[in-house]
Amino acid sequence: MNNFIYENTTKVYFGQGCVHEFLASLLNGYDHILLAYGQGSVKQNGIYDEVLNILMTAGKQVTEFPGIMPNPTYEKVQEGVSLVRENRTDLILAVGGGSVLDCAKAVSLAARFDGNAWENFWARKGIADFEPVPMGAVPTCSGTGSECNGAAVITNRIEKIKTGYDYTKCSPKFALMDPAYTFSVPKIQMTSGSFDSLSHIMEIYFSRPDEQNVSDDLAEAVMRNIIRNMRIAAEDPADYQARSNLMWDAAMSENRLLKMGKQCDFACHLMEHQLSAYTDVSHSRGMAVLLPVYYRHIYRNGLHKFARFARNVWEISSEGKSEEKLAAEGIDALEQFIREMHLPATLRELGIREKNILKKIAGSCRYSPGSYRRLGADEIYDIFAECF
Ligand code: NZQ
Ligand code: ZN
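Computed from a predicted model, the values in this text were never measured in an experiment.

1. Overview of the overall build of the chain
For step 1, the next point in the chain: When helices and strands are counted, the chain shows 15 helices and 8 strands.
For step 2, the next point in the chain: Expressed as a percentage of the 388 residues in the chain, the buried residues total 60%.
For step 3, the next point in the chain: For the chain, the exposed surface amounts to about 15900 Å²; the carbon and sulfur share of it is 49%.
For step 4, the next point in the chain: Charged side chains of the chain number 41 positive and 48 negative; the gap between the two group centres comes to 3 Å.

Set out below in structure tokens:
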């Protein structure tokens, strides 16, 4: 295993009713709350009413920060920064999906920084050696794991860059995770969000070191759990056990634990982020389209691991097969699962109509040192074109 330092300061309260039970006690010492949320789902499913009622009963001064969009923009972050400064916010409470949580984290960091936050914390990895505004997370859908890490993935629309780094200090102080909050999530968001969790684990698993280590063994177990529970939740959206497994799987996929001792790839995430920066496609759906095609390009450079993936995650028999055949069958199984979950398989299905733009997007993708093989812009374009 590679050397590492592990820290995760987010205190997690997990289970049905946890907001009702614990939120009020977590507000002690905070008077001015910025309530961040998305484009309306929380008002339809009753979560907004429940949270606001707790804040009001506790006598807090609440400023609302609504309308956070999927693929949150740096302009939206700046809007939140102004609200924090005008209202002397001492706690940001983010209630929503990964986009809401990310935007709130970005606001918490940028509001306490006097210079150009984009240049210092997103354009390149900076040093966050000051205390961001404390932030609490109430995820209402599962997938990104944003509730348990310090990453805020933000889009700069002018520069056409979507990026984010995990700053330990930006980790939420607490995360209230109620799986029942996810019952109202549309099926496509449930399946694609959970596929995003699966993709995080694959991006960790398919990276060096590959000799036996605890991260890879855990990763296989969590991948199998995600696949099993996606199938159950797709069949019965009201299955609480499936929803709760998927919610915790999402946190496990991005709470840093599985990353320890591993180099981590995330090359496909870097490609997808740029695809979203240019076309505003959904991150999780974009991952479903790109990942199998990316893996067909690189699997020969990690043959042994891809064969292990086929055997241990998809339970494919290795009998009478070469390692290469087995490895390829693992990717086939992944692709078949994407189809079974009715996730998109082409960029056209994501709404991208222009093939021309793909060359430019490919040229804008950053390089991941963790990949089994370094891909240049030409090969990234080939991947995009095959996905088209
Ligand atoms: O905006 P509202 O109206 O709230 O609707 C949301 C939104 O349309 C809806 N939703 C959420 N909870 C719901 C619900 N609808 C009904 N009932 C509920 N309970 O679902 C949609 C969620 O959209 P979004 O937040 O964009 O999805 P997701 O959670 O997949 O987050 C994606 C963002 O996170 C970033 C992605 O790049 C993307 O910008 N990521 C963040 C990561 C991190 N911080 O660690 C890692 C990921 O790899 C990813 O890059
Ligand atoms: Zn992701």
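2. A look at unusual backbone geometry
For step 1, the next point in the chain: The step from arginine 208 to proline 209 runs through a cis peptide bond, and the omega angle for that step is 0°.
For step 2, the next point in the chain: The backbone of asparagine 71 sits at a positive phi, close to 55°, despite the residue not being glycine.
For step 3, the next point in the chain: Judged by relative accessible area, asparagine 71 falls into the buried class, the value being 7%.
For step 4, the next point in the chain: If you check the backbone angles, cysteine 264 has positive phi at about 75° while not being a glycine.
For step 5, the next point in the chain: With respect to the secondary-structure elements, cysteine 264 resides in the loop between helix H9 (240-254) and helix H10 (267-279).

3. Let's talk about the environment of cysteine 18
For step 1, the next point in the chain: Considering the arrangement of structural elements, one finds cysteine 18 in helix H1 (residues 18-26).
For step 2, the next point in the chain: On the accessibility criterion, cysteine 18 (2% relative accessible area) is buried.
For step 3, the next point in the chain: For cysteine 18 and aspartate 265, which are 247 residues apart along the polypeptide, the C-alpha to C-alpha distance reads 34 Å.
For step 4, the next point in the chain: Contacts of cysteine 18, omitting those with residues within four sequence positions, involve Tyr13, Leu23, Leu176, Met177 and Asp178.

4. Comments concerning the sheet that holds strand S4 (residues 91-96)
For step 1, the next point in the chain: Judged by pairing direction, the sheet is parallel, and its 6 strands sit side by side in the order S1-S8-S5-S4-S2-S3 without closing on themselves. In this open sheet, the two edge strands, each paired with only one partner strand, are strand S1 (11-14) and strand S3 (61-65). Within this sheet the neighbouring strands show an average axis-to-axis angle of 20°, counted without direction.
For step 2, the next point in the chain: Pairing of strand S2 (residues 32-37) with S4, which is carried by 5 bridges, proceeds in the parallel orientation. If you follow leucine 35 over to S4, its bridge partner there is leucine 93.
For step 3, the next point in the chain: Of the strands in this sheet, S2, S3 and S4 touch helix H4 (residues 74-86), which is tilted by about 165° from S3.
For step 4, the next point in the chain: In this fold helix H5 (residues 98-110) packs onto S2, S3, S4 and strand S5 (135-139), with an angle of close to 165° to the strand it touches most, S4.

5. What to know about the nonpolar core
For step 1, the next point in the chain: Among the nonpolar cores identified, the biggest contains 73 residues, and Phe195, Met202, Tyr294, Tyr295, Leu347 and Phe384 are the most heavily contacted of them.
For step 2, the next point in the chain: Looking at which element gives the most residues to this core, the answer is helix H11 (residues 283-298), with 9 residues.
For step 3, the next point in the chain: Beyond its immediate stretch of four places on either side in the chain, methionine 202 contacts Phe195, Met223, Leu291, Tyr295, Phe309 and Leu334.
For step 4, the next point in the chain: Of all hydrophobic cores here, the second largest spans 40 residues; its members include Leu101, Trp118, Val133 and Ala137.

6. Re the pairing of S5
For step 1, the next point in the chain: Burial analysis of S5 places 5 of its 5 residues in the buried class, which makes it a mostly covered element.
For step 2, the next point in the chain: Going residue by residue along S5, you find Met135, Ala137 and Pro139 tucked away on one face and Gly136 and Val138 tucked away on the opposite face as well.
For step 3, the next point in the chain: Relative to S5, S4 runs parallel, the two being bridged by 5 bridges. By the bridge assignment for S5, leucine 93 is matched with glycine 136.

7. Digging into the packing of helix H8 (residues 214-235) against helix H12 (residues 303-312)
For step 1, the next point in the chain: Where H8 meets H12, the closest approach of the two axes is 11 Å, and the angle between their N-to-C directions is 45°. Accordingly, the angle class assigned to the pair H8 and H12 is oblique. Between H8 and H12 the crossing geometry is right-handed. Counting all contacts with H8, which are made through Asp216, Asp217, Glu220, Met223 and Arg224, the residues of H12 involved are Lys305, Arg308, Phe309 and Asn312.

8. Brief notes about the coordination of the zinc ion (ligand 2)
For step 1, the next point in the chain: Within the protein, the atoms that donate to the zinc ion (ligand 2) are Asp196 (OD), His200 (NE2), His269 (NE2) and His283 (NE2), at distances of 2.1 to 2.2 Å.
For step 2, the next point in the chain: When the donor residues of the zinc ion (ligand 2) are listed from N- to C-terminus, their spacing reads D-x3-H-x68-H-x13-H. Here histidine 200, found in helix H7 (residues 187-205), pairs with histidine 269, found in helix H10; they are 69 residues apart in sequence, far enough to count as distant.

9. Here we look at the site of ligand 1
For step 1, the next point in the chain: Taken together, 30 residues sit near ligand 1, with Ser41, Gly98, Ser99, Thr140 and Lys162 positioned nearest.
For step 2, the next point in the chain: One of the backbone nitrogen or oxygen atoms of tyrosine 181 is found 3.0 Å away from a nitrogen atom of ligand 1.
For step 3, the next point in the chain: Within the side chain of serine 184, one N or O atom sits 2.8 Å away from a nitrogen atom of ligand 1.
For step 4, the next point in the chain: For ligand 1, whose accessible area on its own is 970 Å², the fraction buried by protein is 89%.
For step 5, the next point in the chain: When residues of the shell around ligand 1 are traced back to their parent elements, those giving at least two are H5, H7 and H10.
For step 6, the next point in the chain: The residue makeup of the shell around ligand 1, split by class, is 8 nonpolar, 19 polar and 3 charged.
For step 7, the next point in the chain: Split by domain, the shell around ligand 1 shows at least three residues from each of two domains, domain 1 (11-182) and domain 2 (187-387).

10. Examining the domain arrangement of the chain
For step 1, the next point in the chain: Its domain assignment divides the chain into domain 1 (11-182) and domain 2 (187-387).
For step 2, the next point in the chain: Using only C-alpha atoms to locate each centre, domain 1 and domain 2 end up separated by 27 Å.
For step 3, the next point in the chain: Contact between domain 1 and domain 2 buries roughly 2200 Å² in total, counting both sides, with carbon and sulfur atoms accounting for 54%.
For step 4, the next point in the chain: Of all residues in domain 1, Ser142, Lys160 and Lys162 give up the largest surface area on contact with domain 2, accounting jointly for 25% of the area buried on that side.
For step 5, the next point in the chain: Across the domain 1-domain 2 interface, the total number found is 1 salt bridge.
For step 6, the next point in the chain: Linking arginine 256 and aspartate 166 is a salt bridge whose minimum nitrogen-to-oxygen distance equals 2.7 Å.
For step 7, the next point in the chain: In terms of residue count, strand S7 (residues 161-163) provides more of the side of domain 1 that touches domain 2 than any other element does, 3 residues in total.

Conventions used here
- Residues numbered from 1 in each chain as written.
- Chains lettered and ligands numbered in written order.
- Predicted model: local features only at pLDDT ≥ 70, side-chain atom pairs only at ≥ 80, totals over all residues.
- Heavy atoms only, no water.
- Helix = DSSP H or I, 4+ residues; strand = E, 2+ residues; numbered from the N terminus.
- Buried < 20%, exposed > 50% of the residue type's maximum accessible area, 1.4 Å probe, protein only.
- Areas by Shrake-Rupley, 256 points an atom, 1.4 Å probe, with all protein chains shown as cover.
- Lys, Arg positive; Asp, Glu negative; His and termini not counted.
- Charge placed at Lys NZ, Arg CZ, Asp CG, Glu CD.
- Contact = heavy atoms within 4.5 Å.
- Pairing = 2+ DSSP bridges.
- Axes fitted to C-alpha atoms, helices over the stretch in contact; angles between N-to-C directions.
- Core = buried A, V, L, I, M, F, W, Y, C linked by side-chain atoms within 4.5 Å.
- Parallel < 35°, antiparallel > 145°, perpendicular 65-115°, else oblique.
- Left-handed = near helix turned anticlockwise from the far one by under 90°.
- Donors = N, O, S within 2.8 Å, 3.2 Å for Na, K, Ca; no water.
- Near = heavy atom within 4 Å.
- Polar contact = N/O pair within 3.5 Å; in protein donor to acceptor, adjacent residues only side chain to side chain.
- Nonpolar A, V, L, I, M, F, W, Y, C, P; charged D, E, K, R; others polar.
- Domains from an automatic or database assignment.
- Buried area = accessible area lost by both parts, 1.4 Å probe.
- Salt bridge = Lys/Arg side-chain N within 4 Å of Asp/Glu carboxyl O.

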